[in-house]
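# A closer look at the structure
These are the residues of each chain, in order.
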Protein chains: 2
Amino acid sequence: MEIAIDSTNTQKFAKASDSTAAELASKSIIDLLGRTQIQKYEIDGLIVSSSSNDSYLGNIVSEMVGIRPKFSTKIENLCNSGTSGIMLAYSLIKSRLCNAVLVTGVEKQNSQGNKLAWDISRGQYNMPVHWASLYAQNHFRKYGTTEEDLAIVSFKNHMNANKNTKAFFYDKHFTYSTIVNSKMVAEPLKKFDCCYPCEGCSSILVLSEAMAKRTEIPIWIKGISQNNQGASFASISNNLDYILSTRIAARDAFQQSNLEPKNIDIVEIHDAFTILELLAYEDIGFTDKGEGRRFIDKNTLYTNVRGGLLGCGHPIGATGIDQTNEIVIQLQGKAGLRQKKGCKSGLVHNMAAAGTSTTVIILQK
Amino acid sequence: MEIAIDSTNTQKFAKASDSTAAELASKSIIDLLGRTQIQKYEIDGLIVSSSSNDSYLGNIVSEMVGIRPKFSTKIENLCNSGTSGIMLAYSLIKSRLCNAVLVTGVEKQNSQGNKLAWDISRGQYNMPVHWASLYAQNHFRKYGTTEEDLAIVSFKNHMNANKNTKAFFYDKHFTYSTIVNSKMVAEPLKKFDCCYPCEGCSSILVLSEAMAKRTEIPIWIKGISQNNQGASFASISNNLDYILSTRIAARDAFQQSNLEPKNIDIVEIHDAFTILELLAYEDIGFTDKGEGRRFIDKNTLYTNVRGGLLGCGHPIGATGIDQTNEIVIQLQGKAGLRQKKGCKSGLVHNMAAAGTSTTVIILQK
């Protein structure tokens, strides 16, 4: 049985609002349900992806939107939560326990996840930017990547975000000069090399083959895979050249889909920091190791058209879902202002904590 | 493909300890892995069921026990978390994304879940005992159930717990008189009608058919089903005679397993309050509506041999897993002091918040 995605919804990413996590999620789901051919009573699964401390969010949101699913739960997997939720939805349907599973990612500004407090191996360097800076220093030293190369990633993604009304930085126009000259945070990463954790909500509807065929333009999940390499930087710092979890997750997803990197037209990359976008190009297999910075110039595929985490902001549990939504609407031809032409296959790359875990999803029209 | 459970582990339920949630879970998993034929490197999934606010517990525990799974996440579904985790493990394997999934439930004493703060429909009556008291009052009025009937449930389960070294009340011997005369909490429910939230950890290993066949005594999941009816008492209080989510989940699980209530030899019932055990007998279909109190005297099946939530204590995210563990070890013939003879089929009943959600699992040797 094939599994597909039909409808998506994203609420405006913001600094903060008066809404609770449950209210944000409900608003997003109600908007989504208003635009799908699937009836509300047919929804038989709900997964809420969130770092929120609120208990029983699956059932609270179910009640608020008026569904009585066969399965519901909240999940938390740090920055990799969103696509973990989609993977669970996929498995619930594939195993025939459910037919139509909503996955909603929601985060309030006070969510956890900014500080990697558990990782004693980092000593005082327990902010995500610390490990990202080590990856960057290694890439600079070994492959000649420069601060200017990283600034180009940030500039590109911010420019893309200017076409995405839901993005946190939608109406903020930054010049390349502002970006490359921004304040140093952790050498060589500057303010504009880092994403901004914010509030946001994004939802998606995953369907069985039979239900998907009743919808207008189903987008099929051809490959979905995750890999986990522990939680601490110590467990992955033997080699700063690559992110092992990304390599394995991408390899497995490509294998499952019978596709190769050259078949992909559009990607959403987990650019929590600029350097991660370059590493991902290499580790997914779009280009050779060390060539990440030159890959952008080649312009062979559309990258982070949504604006990436750098341009959209990063509502932890919602990010992976919004990344997936972007690929879905691009393949459906519903991306409006930022629609890219001729995309048939897309890929989502979602990560957490020092690259200790990665999920890769491959989608096709 | 059939799905089975091989090994289980439970750590002593306690009031509190110096261990973190991750440490408790790791200890339990390491103990479990020491007793299964499945090798550590073969474990490709981990689900941590917990109300803990700690982020990224799936990956932290993975690192602490030395596994690098294909999928890991934390889930939270209040008192119904444990069996939600088992249902996800089942679906991950059935969908062929994983082959061997650990589910570990862990709770510290400071976990959330004691107060149903979100449920405005209850007004000031936002403690679980308030809704349980309404169910009890209705049962008293309509079916003639008495305080003494409820005390018998509590007495039975506490007696059972005296044979379970992992139970919180293992070494506490209460007389029927102590129980029936205990302090009133919310008319007609007394102190001994209520379970005690505590710290605890319980783990289980769910396997694909091929891997299960390599183990000594695999116990097969013949039916697994959940039902959700929102989150608030308002959404279910039209009729206090029964718990709708239990009725639907049990009906679906029996249908899936091709078994009937009369085929079940042993059950673990979610007795967060004594009255819930009587309601569950009726709603699962072991006896007619209103006959719950007389069903115990008939002694037709083994009930809450572990000691139930009343005798074991209730570590929120661990409870559903420990309930399942009890049925597994009873069917395997490994229950030691409290082993019951001739059990071939068992059932687990796990609930949350006013009966708004229920999971039912049917297991067979």
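Residue positions are given per chain, counting from 1 as you read along its sequence in written order. Each chain gets a letter, beginning with A, and each ligand a number, beginning with 1, in the order they are written. In keeping with the model being predicted, local features are shown solely for residues with a pLDDT of at least 70 and side-chain atom pairs are shown and tallied solely at 80 or more, while totals for entire chains, interfaces and linings include all residues. Processing note: side-chain calculations cover all non-hydrogen atoms of the structure and skip hydrogens and water entirely.

Chain A goes by Acetoacetyl-CoA thiolase or ketoacyl-CoA thiolase in an unreviewed UniProt entry, where it is assigned to Candidatus Nitrosocosmicus arcticus.

## Observations concerning the overall build of chain A
Along its length, chain A carries 12 helices and 12 strands. Burial classes: relative accessible area under 20% of the type maximum marks a residue as buried, over 50% as exposed, and values in between as partly exposed (1.4 Å probe, protein chains only). Relative to its full complement of 365 residues, chain A shows a buried share of 67%. The convention is simple: Lys and Arg are positive, Asp and Glu are negative, and His and the chain ends are not counted. Lys charges are placed at NZ, Arg charges at CZ, Asp charges at CG and Glu charges at CD. Averaging the locations of the 39 positively and 35 negatively charged side chains of chain A gives two centres separated by 2 Å. Strands here are runs of E lasting at least two residues and helices are runs of H or I lasting at least four, both read from the DSSP assignment and numbered beginning at the N terminus.

## Overview of the layout of surface pockets
Residues and elements named next belong to chain B. A volume near 600 Å³ is recorded for the largest pocket. The wall of the largest pocket is formed by 30 residues, among which Cys194, Cys195, Tyr196, Pro197 and Phe273 lie closest to the centre. When residues of the lining of the largest pocket are traced back to their parent elements, those giving at least two are α4 (128–143) and β11 (345–352). The biggest single contributor to the lining of the largest pocket is α4, with 3 residues. Nonpolar residues are Ala, Val, Leu, Ile, Met, Phe, Trp, Tyr, Cys and Pro. Charged residues are Asp, Glu, Lys and Arg, and all others, Gly as well, are polar. Per-class residue counts for the lining of the largest pocket are 24 nonpolar, 5 polar and 1 charged. A cavity, in this analysis, means grid points on a 1 Å lattice covering only the protein atoms where a 1.4 Å probe fits yet has no way out; a pocket is instead an open set bounded by protein on both sides within 12 Å along at least five of seven lines, and a residue lines either one if it has an atom within 4 Å of a point. Grid points are joined across faces, edges and corners, and a volume is the space filled by probe spheres set on the points.

## A word on the pattern of salt bridges
Proximity of charged atoms lets side chains of opposite charge pair with each other. Residues and elements named next belong to chain A. The rule for a salt bridge is simple: a side-chain nitrogen of Lys or Arg has to be within 4 Å of a carboxyl oxygen of Asp or Glu. For the structure on display, the rule yields 39 salt bridges over all chains. The partner of Arg251 in a salt bridge is Asp252, with the nearest N and O atoms 3.0 Å apart. Salt-bridge contacts for Arg294 lead to Glu291; the nearest nitrogen and oxygen are separated by 2.8 Å. By relative accessible area, which is 34% here, Arg294 ends up partly exposed. Look at the salt bridges and you will find they share partners, linking Arg247, Glu282, Asp283 and Lys289 into a network.

## Focus: the pairing of strand β12 (residues 357–364) of chain B
All names here are of chain B. Most of β12 sits out of view: 7 of its 8 residues are buried. At least two DSSP bridges between two strands are needed for those strands to be called paired. Pairing geometry for strand β8 (residues 219–228) and β12, over 8 bridges, is antiparallel. In the sheet register, Gln226 faces β12, and the bridge partner there is Thr359. Strand direction decides the pairing type here: β11 and β12, joined by 8 bridges, are antiparallel. Bridge pairing links Met351 to Thr358 in β12.

## Some thoughts on the packing of aromatic side chains
Only Phe, Tyr and Trp rings are paired, with Trp represented by its six-membered ring, and only when their centres lie within 6.5 Å; those with planes under 30 degrees apart are stacked, over 60 edge-to-face, the remainder tilted. Counted under the stated rule, the structure contains 20 aromatic pairs over all chains. Ring centres 6.1 Å apart and planes at 15° place the aromatic pair B:Phe286 and B:Phe295 in the stacked group. The pair B:Phe286 / B:Phe295 is uniform in exposure class, with both members buried. A connected cluster of aromatic rings, assembled from ring pairs, spans A:Phe168, A:Phe169, A:Phe174, A:Phe192 and A:Tyr196. Only lysine NZ and arginine CZ atoms are considered, and such an atom sits over a ring when it is within 6 Å of the ring centre and within 35 degrees of the ring normal. Directly above the aromatic system of A:Tyr242 lies the positively charged group of A:Arg247, at a separation of 4.0 Å from the ring centroid.

## A closer look at empty space enclosed by the protein
Residues and elements named next belong to chain A. Considering all chains together, one arrives at 2 cavities of 30 Å³ or more under this definition. Of the volumes computed, that of the second largest cavity is approximately 40 Å³. What lines the second largest cavity is Glu147, Leu150, Ala151, Ile179, Val180, Pro188, Lys190 and Asp193. Breaking the lining of the second largest cavity down by element, the ones donating at least two residues are α5 (147–161) and α6 (176–180).

## Some words on the UniProt feature "domain: Thiolase C-terminal" (unreviewed entry) in chain A
With numbering aligned to this structure, UniProt lists the feature "domain: Thiolase C-terminal" (unreviewed entry) at residues 243–364 of chain A. Secondary structure content for residues 243–364 of chain A is 44% helix and 17% strand, and the end C-alpha separation is 25 Å. UniProt positions are given in the numbering used here, feature names are shortened, and annotations may be inferred rather than shown by experiment.

## Some remarks on the relation of the copies chain A and chain B
The copies are overlaid by a least-squares fit using only the C-alpha atoms of residues whose pLDDT is at least 70 in both copies. Overlaying chain A on chain B yields an RMSD of 0.0 Å, the required transformation being a rotation through 180° with an accompanying axial translation of 0.0 Å. Such a turn and shift between the copies fits a two-fold axis. What makes two residues a contact is simply this: any of their non-hydrogen atoms within 4.5 Å. The share of interface residues of chain A whose copies in chain B are also at the interface is 100%, consistent with both copies meeting through the same surface.

## A few points about the nonpolar core
Taken as a class, soluble globular proteins show a tendency for nonpolar side chains to be buried jointly. Among the nonpolar cores identified, the biggest contains 62 residues, and A:Val206, A:Ile221, A:Leu363, B:Val206, B:Ile221 and B:Leu363 are the most heavily contacted of them. If we ignore the near neighbours within four places in the chain, the residues touching A:Val206 are A:Ile3, A:Ala4, A:Ile5, A:Ala89, A:Tyr90, A:Ile93, A:Asn99, A:Ala100, A:Val101, A:Val103 and A:Ile221. Side-chain atoms within 4.5 Å link the members of a nonpolar core, which is a set of buried Ala, Val, Leu, Ile, Met, Phe, Trp, Tyr and Cys residues.

## Re the state of the cysteines
Residues and elements named next belong to chain A. Disulfides are defined in this document as cysteine sulfur pairs within 2.5 Å. Under the counting rule described, the total for this entry stands at 0 disulfides over all chains. Looking at Cys343, it has no disulfide partner, and the nearest cysteine sulfur is the one in Cys312, 17 Å off. The exposure class assigned to Cys343 is buried, which follows from its relative accessible area of 4%.

## Brief notes about the interface of chain A and chain B
Each partner contributes residues to the interface: chain A has 45 residues there, and chain B has 45 residues. Interface area, chain A with chain B, both sides summed: about 4100 Å², of which 53% is carbon and sulfur. In short, buried area is how much 1.4 Å probe accessible area vanishes from two parts on joining, totalled over both. For chain A, the biggest contributors to the area lost against chain B are A:Tyr56, A:Arg68 and A:Glu76; these three give 17% of the whole. The interface formed by chain A and chain B holds 0 salt bridges in total. We define a polar contact as two N or O atoms separated by no more than 3.5 Å, with the added condition that, inside protein, one atom must be a possible hydrogen donor and the other a possible acceptor, whereas residues neighbouring each other in sequence contribute only through side-chain atom pairs. At the boundary of chain A with chain B, the tally comes to 27 residue pairs in polar contact (both at pLDDT 80 or more). When residues of the side of chain A that touches chain B are traced back to their parent elements, those giving at least two are α2 (57–65), β3 (71–76), α3 (81–94) and β8 (219–228) of chain A. Considering every element that reaches the side of chain A that touches chain B, the biggest residue donor is α3(A), with 7 residues.

## What about the pairing of strand β2 (residues 45–49) of chain B?
All names here are of chain B. Judged by how many residues are buried, β2 sits mostly within the fold: 5 of 5 residues are covered. On β2, burial covers both faces: Gly45, Ile47 and Ser49 on one face and Leu46 and Val48 on the other are all buried. Handedness of the β-α-β unit built from β2, helix α2 (residues 57–65) and strand β3 (residues 71–76) comes out right-handed. Two strands pair when backbone bridges link them, and β2 and strand β4 (residues 100–107) are joined in this way by 5 bridges, in the parallel orientation. Considered in β4, the bridge of Ser49 is made with Gly105. Note on handedness: a clockwise path from strand one over the helix to strand two, with the strands aimed away from the viewer, defines a right-handed crossover.

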